[in-house]
Amino acid sequence: MKIISFIRNNTIKIILLCTIIITMVVLYQNTEVFLSFIPFSFYLLFGILLIYGILIFYAKHNLPDMVYILVIILVSFLLRLFFIIIVNTPISSDFLLIYDAAKKVIVGDTSWQEQSFFSTWSYQIPFVYYEALLLKLFRTELILKIFNIAFMVSTNVLIYLIAKEYTNSRIAFISAFLYSIYPAPILLTSVLTNQHISLFFFITGIYFYLIRPTWLRMILAGTFFALGNLMRPEGILVIGSVILHHLIMIQYNIKWKNLKQHLCKLLLLLLIYGLIMQMSTVLFKITGAAPHGIANNCPEWKFIVGLDTDSMGTYNEKNASIILISDLQTRKEQAKDIIVKSLKSSKNIPLFFIEKFKIMWGRVEATTWSLSHIQNDKIIFQLGDITYRHIIDLVLYFDKGIVIIQLMALIFSCISMWKEQGRNNMFFFIILIILNYFTYTLIEIQPRYRYFIMPSFFILSAIPIEVFIKKLNSLAKNRDDS
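What counts and what doesn't
- Residues numbered from 1 in each chain as written.
- Predicted model: local features only at pLDDT ≥ 70, side-chain atom pairs only at ≥ 80, totals over all residues.
- Heavy atoms only, no water.
- Phe/Tyr/Trp six-rings, centres within 6.5 Å; stacked < 30°, edge-to-face > 60°.
- Helix = DSSP H or I, 4+ residues; strand = E, 2+ residues; numbered from the N terminus.
- Buried < 20%, exposed > 50% of the residue type's maximum accessible area, 1.4 Å probe, protein only.
- 1 Å grid on protein atoms, 1.4 Å probe; cavity = no way out; pocket = protein on both sides within 12 Å on 5 of 7 lines; lining within 4 Å.
- Points joined across faces, edges and corners; volume = space filled by probe spheres on them.
- Nonpolar A, V, L, I, M, F, W, Y, C, P; charged D, E, K, R; others polar.
- Axes fitted to C-alpha atoms, helices over the stretch in contact; angles between N-to-C directions.
- Parallel < 35°, antiparallel > 145°, perpendicular 65-115°, else oblique.
- Left-handed = near helix turned anticlockwise from the far one by under 90°.
- Contact = heavy atoms within 4.5 Å.

**Describing the packing of aromatic side chains**
Consideration 1: Enumeration over the complete set of coordinates arrives at 30 aromatic pairs.
Consideration 2: Measuring from ring centre to ring centre gives 6.4 Å for Tyr68 and Tyr160, while their planes differ by 40 degrees; the resulting arrangement is tilted. Here Tyr160 lies in helix α8 (residues 142-166) and Tyr68 lies in helix α4 (residues 65-86), a separation of 92 residues in the sequence. Here the two residues Tyr68 and Tyr160 agree in accessibility, since each one is buried.
Consideration 3: Ring centres of Phe208 and Phe224 lie 5.8 Å apart, and the angle between their planes is 25 degrees; on these two criteria the pair is classed as stacked. Taken together, the positions of Phe208 in helix α11 (residues 195-210) and Phe224 in helix α12 (residues 215-231) put the pair 16 residues apart, joining distant regions of the chain.
Consideration 4: Here Phe224 falls in the buried class, since its relative accessible area comes to 18%.
Consideration 5: One aromatic cluster is present, built from ring pairs that chain together Phe127, Tyr130, Phe138, Phe147, Phe151, Phe200, Phe201, Tyr207, Phe208 and Phe224.

Written as structure tokens, this is what we have:
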């Protein structure tokens, strides 16, 4: 009972402490990778800090909200548009299967539904119909990339709007502007992935959940969470964070007389989310759009890959035969045997998880999704024999430098919230981050999967930026007074 009482009374501190410890490990791993790019790492770090310095300097000037939003939209849009213009990424891998299926939907061909990819990973099917709708309306692959940009730019604006609620428009602009130039998402602009639309829906839902959560906004939050999950099944992370955050806020911040209303709002959100998901499943089945449903019909596979100590949790097809087992109980038993055998074969399980973390959170962004067709050794500028590889490396390590600063900002944010005992709605993003950390210790990993959680880092970075600017203003005031 004492342990339960301790956990209940110190929930926020436990979450913050775990986040700090894990983030410090991830920070060390990222710094190690960044410093391997000597001598350019020091120049890149100076350049990144210079960008921060310029943004902070101009944060002294209070501009209209619309100006900040227009700058974010323009910068975010132009960088992504420039990327899809200069990089003609060929459609490949799972993205090609989905694209071909979308084209078949347009002509009424349902043969793609029986492909093992779609019968097993049926959750991909709603995204197939999304692509089919755009292709039918506009008849060009380019429109899919244009909509990628639209969703990405909208996500960027939402980062600004959320951060502004808890700081001010100038500080929120810094966070959102930095996300607009952050290379990782830009590198995926030309890739026909479901991550762009899904993230937009999730961030929109989070906005309605956190900002002035009226009854209507809770309905909208549940709706957008469901839409995000239909596009990419990461809803369990968001819904889990919402439940945990709501219960913590009720325990620490909400008066007893308002308890019923807050619990009812949470139940309403969950009800809307559940209804939309259930109705979508039924609708897809009865219309024949998805005969096998829209769920993950082999959830064990992600854990088999994620706990494979030979591949360090990265994708491999060593045990792919388990996907063919139709009997659920048999598949679960075999999956358990494979996982136990894998962990027993590891000489050092803690080291396995540390290495897995380094791959997931420390490795540079994978360029294979958008730049695999690029001839890396081709010389771009004769002066200095600069190749595509040189340019790509500069972009990747510039990205890594921004990530390092975001990790440091997260640690600072956790320390700041420790003093406040989490009495801040931005604590929601701490919960979302820690759930991501823990989830990817168990399932398949690749750097691309960081895409979903990175906006949370940029939103939280507003906290240390605000503290830093206040400190600068205080020092300047003291100097003037003296």
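Now that the structure is up, let's keep going.
**Here's the deal with the layout of surface pockets**
Consideration 1: By volume, the second largest pocket is sized at about 510 Å³.
Consideration 2: Around the second largest pocket, the lining is made up of 19 residues, and of these Phe83, Ile86, Leu187, Ile391 and Val395 lie nearest the centre.
Consideration 3: Of all the secondary structure elements, the ones that give two or more residues to the lining of the second largest pocket are α4, α10 (183-186) and α19 (388-420).
Consideration 4: With six residues, the single largest contributor to the lining of the second largest pocket is α19.
Consideration 5: Per-class residue counts for the lining of the second largest pocket are 18 nonpolar, one polar and no charged.

**Some remarks on the packing of helix α2 (residues 11-35) against helix α17 (residues 349-362)**
Consideration 1: Running from amino to carboxyl end, α2 crosses α17 at an angle of 70 degrees, the nearest separation of the two axes being 9 Å. Judged by the inter-axis angle, α2 sits roughly perpendicular to α17. Taken as a pair, α2 and α17 cross one another with a handedness that is right-handed. Contacts between α2 and α17 involve Ile22, Val26, Gln29, Asn30, Glu32 and Val33 on the former and, on the latter, Ile354, Phe357, Lys358, Trp361 and Gly362.
Consideration 2: Here the residues of the contact of α2 with α17 sort into six nonpolar, three polar and two charged.

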